[in-house]
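Examining the three-dimensional arrangement
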Amino acid sequence: MTPTRKRRLILISLVIFGVAVATAIFLTAFKDNIMFFKSPTEVSQNDYPENRSFRLGGMVKEGSLQRLENSLKVLFAVTDYNADVQVEYEGILPDLFREGQGVVAIGYMQNDQLFVAEEVLAKHDENYMPPEVSDILQTEDKQ
């Protein structure tokens, strides 16, 4: 092999190695930042990522909202009309948050019964519902 061919081969090998390393780093970072969306039915069937945050979406169940005195802690249930998940949140809720409205909570399951929300998002007008919540509610209505 001539010296020119050896240099080209080494250069091509280094480029391929660099692309492989960059791809591996990208995929590792991407995997760590994926946030799954789950419905209350999926959560009640223990189909959720353990030890990781995920999004829980559905409707705030009528009559489930409980505010604890002398704190910002709130308990409520999120439902997709097939299953309910009890949610605990400490903080200021969005202005449009109320029973019977669509909600997406970001957090983790503390145990099989309680979802601890780190952030709560409420719909912003009477016609909007997060697409994931809308899709789940439509498929649940058809069943």
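It should be noted that the structure appears before, not after, this text.
Quick look at the structure, then. What you see is a predicted model, and the numbers here were worked out from it, not measured in a lab.

**Observations concerning unusual backbone geometry**
Here the phi dihedral of N46 falls at roughly 60 degrees; this positive angle occurs in a residue that is not glycine. The partly exposed category is assigned to N46, whose relative accessible area is 48%. Backbone geometry at Y81 places phi at a positive 75 degrees, although glycine is not the residue there. Mapping Y81 onto the fold places it in the loop between β4 (73–79) and β5 (84–90).

**Some details on the pairing of β5**
Note: β4 against β5, 7 bridges, orientation antiparallel. Residue pairing for β5: F76 is matched across the bridge by V87. Hairpin connection of β4 to β5: 4 residues between the antiparallel strands, including Y81 at a positive phi of 75 degrees. In the sheet, β5 pairs with strand β7 (residues 114–122) via 4 bridges, with the strands oriented parallel. Note that in β7 the partner of Y89 across the bridge is A117.

**Remarks on the nonpolar core**
Counting 19 residues, the largest nonpolar core has L56, F76, F115 and V120 as its most contacted members. Contributions of two or more residues to this core are made by β2 (54–60), β4, β5, β6 (102–109) and β7. Excluding anything up to four places from it in sequence, F76 contacts V60, S64, L65, V85, Q86, V87, Y89, F97 and V120.

**Some remarks on the packing of aromatic side chains**
If you walk through the whole model with that rule in mind, you get 3 aromatic pairs. Consider the rings of F76 and F97, whose centres lie 4.9 Å apart with planes at 65 degrees: the pair is edge-to-face. Separated by 21 residues along the polypeptide, F76 in strand β4 and F97 in the loop between β5 and β6 bring together distant segments of the chain. The exposure class of F97 is buried, given its relative accessible area of 9%. Among the aromatic residues, those joined into a cluster by ring pairs are Y48, F54 and F115.

Cut-offs and rules
Residues numbered from 1 in each chain as written. Predicted model: local features only at pLDDT ≥ 70, side-chain atom pairs only at ≥ 80, totals over all residues. Heavy atoms only, no water. Buried < 20%, exposed > 50% of the residue type's maximum accessible area, 1.4 Å probe, protein only. Helix = DSSP H or I, 4+ residues; strand = E, 2+ residues; numbered from the N terminus. Pairing = 2+ DSSP bridges. Core = buried A, V, L, I, M, F, W, Y, C linked by side-chain atoms within 4.5 Å. Contact = heavy atoms within 4.5 Å. Phe/Tyr/Trp six-rings, centres within 6.5 Å; stacked < 30°, edge-to-face > 60°.

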